[in-house]
Amino acid sequence: GDVYKRQTQSTWGFDKLLPAAEKKLQSIMSTEESRIYIVDHKEQQLFRYNDKGERFTYQIDCGITGHVVKKRKLKNIANAYHHHRYNGMVDIKTELPLICMPVFHPTTTDEVIGVIQLVNMKFRIGLTTTQKPKITHTDYEILDFFTKQISQSILNSYEWERVVKHVNAEALEEARRQSHGATLTVHGTKYNLDDDKY
């Protein structure tokens, strides 16, 4: 019982996973803003959720984020606004240094399944807008570890959402079976629940 409870509590849909993971990333990297995007290759889209559970969808090649998906390499940018691939619809709005890193599938580096993007706050003091801040070996290791952890969580969330859809479809079908022949009376008018109009 306890094992199952822990597993279900640690498995979330993307609307819960992404905001929680962004907060964790901000905490461990001491940054004011971060984003985590999911790559949907089938639909050729990127998507993310904010902390209110609102979903935002973008074209897969949009902005610096889309470029990282295509090139499958970390981008360390001195000033996001001044980068030629910057797109304010998808990328974090900042003139501070920006790190954008691919999240690979847990079993292969051939498939990018997500992207993390964060403002690099550690080296902002004393930099000009054209100086590219260095990423320390320790910071790189932390980011690499984080992307490997979030990678498995992304797969878990895909599976969670698939299961929830399946369970919801079964529950709806069961409700229809149980309501066979049932009627609903509203203000003296009877409605047959088998009727597809209702």
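See the structure above.
Parameters and conventions
- Residues numbered from 1 in each chain as written.
- Predicted model: local features only at pLDDT ≥ 70, side-chain atom pairs only at ≥ 80, totals over all residues.
- Heavy atoms only, no water.
- Helix = DSSP H or I, 4+ residues; strand = E, 2+ residues; numbered from the N terminus.
- Buried < 20%, exposed > 50% of the residue type's maximum accessible area, 1.4 Å probe, protein only.
- Contact = heavy atoms within 4.5 Å.
- Patch = residues over 30% accessible without salt bridge, like charges linked within 9 Å, V, L, I, M, F, W, Y side chains within 5 Å.
- Areas by Shrake-Rupley, 256 points an atom, 1.4 Å probe, with all protein chains shown as cover.
- Salt bridge = Lys/Arg side-chain N within 4 Å of Asp/Glu carboxyl O.
- Lys, Arg positive; Asp, Glu negative; His and termini not counted.
- Charge placed at Lys NZ, Arg CZ, Asp CG, Glu CD.
- Pairing = 2+ DSSP bridges.
- Polar contact = N/O pair within 3.5 Å; in protein donor to acceptor, adjacent residues only side chain to side chain.
- Axes fitted to C-alpha atoms, helices over the stretch in contact; angles between N-to-C directions.

A. Expanded view of the overall build of the chain. Along the chain, the regular secondary structure elements total 4 helices and 8 strands. For the chain, the succession of helices and strands along the chain, N to C, is α-α-β-β-β-α-β-β-β-α-β-β. Counting every position in the chain, which comprises 198 residues, the buried fraction comes to 36%. Partitioning the intrachain contacts of the chain with sequence separation of at least 6 by distance along the chain shows that 54% fall at a separation of at least 24.

B. Main features of unusual backbone geometry. Phi at Ser 30 takes a positive value of approximately 50 degrees, unusual for a residue other than glycine. Note that Ser 30 resides in the loop between helix H2 (14-29) and strand E1 (34-40). Non-glycine residue Gln 44 carries a positive phi angle of around 55 degrees. Note that Gln 44 resides in the loop between E1 and strand E2 (45-49).

C. Looking closely at a positive patch on the surface. On the surface, Lys 70, Lys 71, Lys 73 and Arg 85 cluster together into a positively charged patch. In this structure, Lys 70 sits in helix H3 (residues 63-71).

D. Up close: the pairing of E2. Counting buried positions along E2 gives 4 out of 5 residues, so the element sits mostly inside the fold. In terms of strand pairing, E1 meets E2 through 3 bridges, oriented antiparallel. Residue pairing for E2: Ile 38 is matched across the bridge by Phe 47. In sequence, E1 turns back onto E2 through a hairpin of 4 residues, with Gln 44 there showing a positive phi of about 55 degrees. Linking E2 back to strand E3 (residues 55-59) in an antiparallel pair, the connection comprises 5 residues, with Gly 53 at a positive phi of about 85 degrees.

E. A look at the side chain of Asp 91. Secondary-structure assignment places Asp 91 in the loop between strand E4 (75-77) and strand E5 (98-104). For Asp 91, the side chain forms a polar contact with the side chain of Thr 65, separated by 2.9 Å. A distance of 2.9 Å separates polar atoms of two side chains, one belonging to Asp 91 and the other to Gln 117. Excluding residues that lie within four positions of it along the chain, Asp 91 makes contacts with Arg 35, Tyr 37, Gly 63, Ile 64, Thr 65, Arg 85, Tyr 86 and Gln 117.

F. Inspection of H3 at higher detail. Counting buried positions over the 9 residues of H3 gives 7, a clear majority of the element. Taken residue by residue, H3 has Gly 63, Ile 64, Thr 65, Gly 66, His 67, Val 68 and Val 69 as its buried positions. In this structure, the buried side of H3 is in contact with E1, E2, E4, E5 and strand E6 (112-119). One or two positions beyond H3, positive phi appears at Arg 72, with a value near 60 degrees.

G. Structural context of the sheet that holds E2. Read across the sheet, 6 strands follow the order E3-E2-E1-E6-E5-E4 without closing on themselves; strand pairing throughout is antiparallel. Strands with a single pairing partner mark the edges of an open sheet, and in this sheet they are E3 and E4. Ignoring which end each strand starts from, the neighbouring axes of this sheet average 20 degrees apart. Sheet topology places E4 next to E5; 3 bridges connect them, and they run antiparallel. Residue pairing across strands places Ile 77 opposite Leu 98, the latter belonging to E5. The strands that H2 touches are E1, E2 and E6; relative to E1, the one it contacts most, it runs at about 140 degrees.

H. Inspection of the environment of Gln 152 at higher detail. Assignment of secondary structure puts Gln 152 in helix H4 (residues 137-178). Judged by relative accessible area, Gln 152 falls into the partly exposed class, the value being 37%. Considering only alpha carbons, one finds Gln 152 and Pro 106, 46 residues apart in sequence, at a separation of 6.3 Å.

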